[in-house]
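Observations on chain architecture
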Amino acid sequence: MDISMTLFLVTLVAIIAFVFDFTNGFHDAANAIATSVATRALTPRQALIMAAVMNFIGALLGTGVAETIGSGIIAPPGDNHGLIIVLSGLVGAIVWNMITWWFGLPSSSSHALIGGLMGAGIAASVTVHWGVIGEKVVIPMFISPVVGFFLAFCLMKILMYSLRNATYKKTMRRFRHAQTISAALMALGHGLQDAQKTMGVVVLALVAGGYWNGSGIPLWVKLGAALAISLGTLIGGQRIMKTLGSKIIELDPAHGFGAEVVAASVLYTTAFLWHAPISTTHTITAAIMGVGATTRKSAVRWGVAGNIITAWFLTIPAAAAVAIVTYGLLHGIA
């Protein structure tokens, strides 16, 4: 194995992984802050700064999701060929992220990464851990939005009943303050889930290149992933923010609070108890639909919701397809 080429590829994969993490930040920034901005609980600048800080903190709170990505999706060989496989998967994820960002569709960066790795693994004929993918990707992919929708619907119904005799303006003013907390919790969950996925990819590259044999995640990888996603979040994602904040339903502070609390709870539960890399995007979008459906069915713009759901189902195969093409172009250099 050419050591200089190996070092170059490991460095390249790490850099591109952090670039992916950066795109994840500005692609998914809307997940944490769109509802708070839409209800004027926070200004866009306040929301972005708060989300960036909480993303950074959340990224350092755990490693369970990172370990799932780092060892549970594919098993590339420990050589330059393995690094090309990981690199191809990252390219697939980044390209799909940029396409959906351009069209303002809140697709899943998590599933784009997983789809990219799967596609590269299939193209290279290496082991793809289908059992782990089924248990910790496919099942949560369907369960988390359903749970998010149902819990958000129930919580909103409880809030509406409990506050049925309250003064509307005073109540909304209180929820607007409460949304500062719920948005922070959502941003913390985003960092906890999404930054860890990048950590897992960098460790996968370090192991393939023979630069890491220990357990856990090196500190510099944690800090690098936390910083990259925070910087991406700080730049923000105005296109997707508009879709989540106003195109699905017209949000008020109470509905925004309910959606954020439920989505954050689902993110924490799956990260700490299941170590499942679920989609922050799917979870908050479903929660927004859930709180909107409590008012009346027509409150949710189901046509927009349908376009979003279509993007969800396309994400894994589309990112996998880009990764397969990328691997076909790159594998000859290893």
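Quantities reported herein were computed from a predicted structural model and do not represent experimental measurements.

Digging into the overall build of the protein
Secondary structure assignment for the protein yields twelve helices and two strands. Listed by position from the N terminus, the elements making up the protein come as α-α-α-β-α-α-β-α-α-α-α-α-α-α. When the 334 residues of the protein are sorted by exposure, 58% land in the buried category. The long-range share in the protein, meaning contacts at least 24 apart out of those at least 6 apart in sequence, stands at 88%. About 13200 Å² of surface is accessible on the protein, with carbon and sulfur atoms providing 70% of the total.

Focus on the packing of helix α10 (residues 253–274) against helix α11 (residues 280–293)
Remark: α10 packs on α11, axes separated minimally by 8 Å, with the N-to-C direction vectors making an angle of 145°. When the axes of α10 and α11 are compared, the crossing they make is right-handed. Contacts between α10 and α11 pair His255, Gly258, Ala259, Glu260, Ala263, Val266 and Leu267 from the former with Thr280, Thr283, Ile284, Ala287, Ile288, Val291 and Gly292 from the latter. Class assignment of the residues belonging to the contact of α10 with α11 gives a composition of eight nonpolar, five polar and one charged.

Some words on the packing of aromatic side chains
Per the counting criterion, the structure on display carries two aromatic pairs. Judged by centre distance (5.9 Å) and plane angle (50°), the rings of phenylalanine 142 and phenylalanine 313 are tilted. Here phenylalanine 313 lies in helix α12 (residues 302–330) and phenylalanine 142 lies in helix α6 (residues 130–162), a separation of 171 residues in the sequence. The class of phenylalanine 142 is partly exposed, set by a relative accessible area of 42%.

Quick word on the UniProt feature "transmembrane region" (unreviewed entry) in the protein
Following the UniProt record, the feature "transmembrane region" (unreviewed entry) maps to residues 6–26, 47–75, 81–105, 112–133, 139–163 and 304–330 here. With 76% helix and 7% strand, residues 47–75 has end C-alpha atoms that lie 39 Å from one another. Helix makes up 96% of residues 139–163 and strand makes up 0%, while its end C-alpha atoms are separated by 36 Å.

Observations regarding the nonpolar core
Core analysis: the largest hydrophobic core is formed by 54 residues, its most contacted members being Ile73, Leu90, Leu113, Leu117, Met199 and Val201. The set of elements that each furnish at least two residues to this core consists of α1 (3–38), α3 (64–72), α4 (80–102), α5 (109–124), α6, α7 (168–208), α8 (219–235) and α12. Residues contacting isoleucine 73, with those up to four places away along its chain left out, are Thr68, Ile114, Leu117, Met118, Thr127, Val128, His129, Ile133 and Val137. One finds Met156, Ala263, Ala276 and Ile278 within the second-largest nonpolar core, a separate group that totals 19 residues.

Some words on unusual backbone geometry
Residues other than glycine seldom take positive phi values, yet serine 125 does so here, at roughly 60°. Structurally, serine 125 is set in the loop between α5 and β2 (127–128). One non-glycine residue with positive phi stands out, namely histidine 275, at about 55°. Among the structural elements, histidine 275 can be located in the loop between α10 and α11.

Some details on the pattern of salt bridges
According to the stated counting rule, one finds one salt bridge in the structure shown. With a closest N to O distance of 3.2 Å, aspartate 194 and lysine 197 form a salt bridge. Of this pair, aspartate 194 and lysine 197 both sit in helix α7, three residues apart, which is roughly one turn of the helix. This pair shows no difference in class: aspartate 194 is buried, exactly as lysine 197 is.

What about the packing of α6 against α10?
A pair of packed helices can be characterised by two numbers: the angle between their axes and the separation between those axes. Following both chains from N to C, one finds α6 and α10 inclined at 145°, their axes separated by 9 Å at the closest point. Between α6 and α10 lies a crossing whose hand is right-handed.

So, how was this worked out
- Residues numbered from 1 in each chain as written.
- Predicted model: local features only at pLDDT ≥ 70, side-chain atom pairs only at ≥ 80, totals over all residues.
- Heavy atoms only, no water.
- Helix = DSSP H or I, 4+ residues; strand = E, 2+ residues; numbered from the N terminus.
- Buried < 20%, exposed > 50% of the residue type's maximum accessible area, 1.4 Å probe, protein only.
- Contact = heavy atoms within 4.5 Å.
- Areas by Shrake-Rupley, 256 points an atom, 1.4 Å probe, with all protein chains shown as cover.
- Axes fitted to C-alpha atoms, helices over the stretch in contact; angles between N-to-C directions.
- Left-handed = near helix turned anticlockwise from the far one by under 90°.
- Nonpolar A, V, L, I, M, F, W, Y, C, P; charged D, E, K, R; others polar.
- Phe/Tyr/Trp six-rings, centres within 6.5 Å; stacked < 30°, edge-to-face > 60°.
- UniProt positions renumbered as here; feature names shortened; annotations may be inferred.
- Core = buried A, V, L, I, M, F, W, Y, C linked by side-chain atoms within 4.5 Å.
- Salt bridge = Lys/Arg side-chain N within 4 Å of Asp/Glu carboxyl O.

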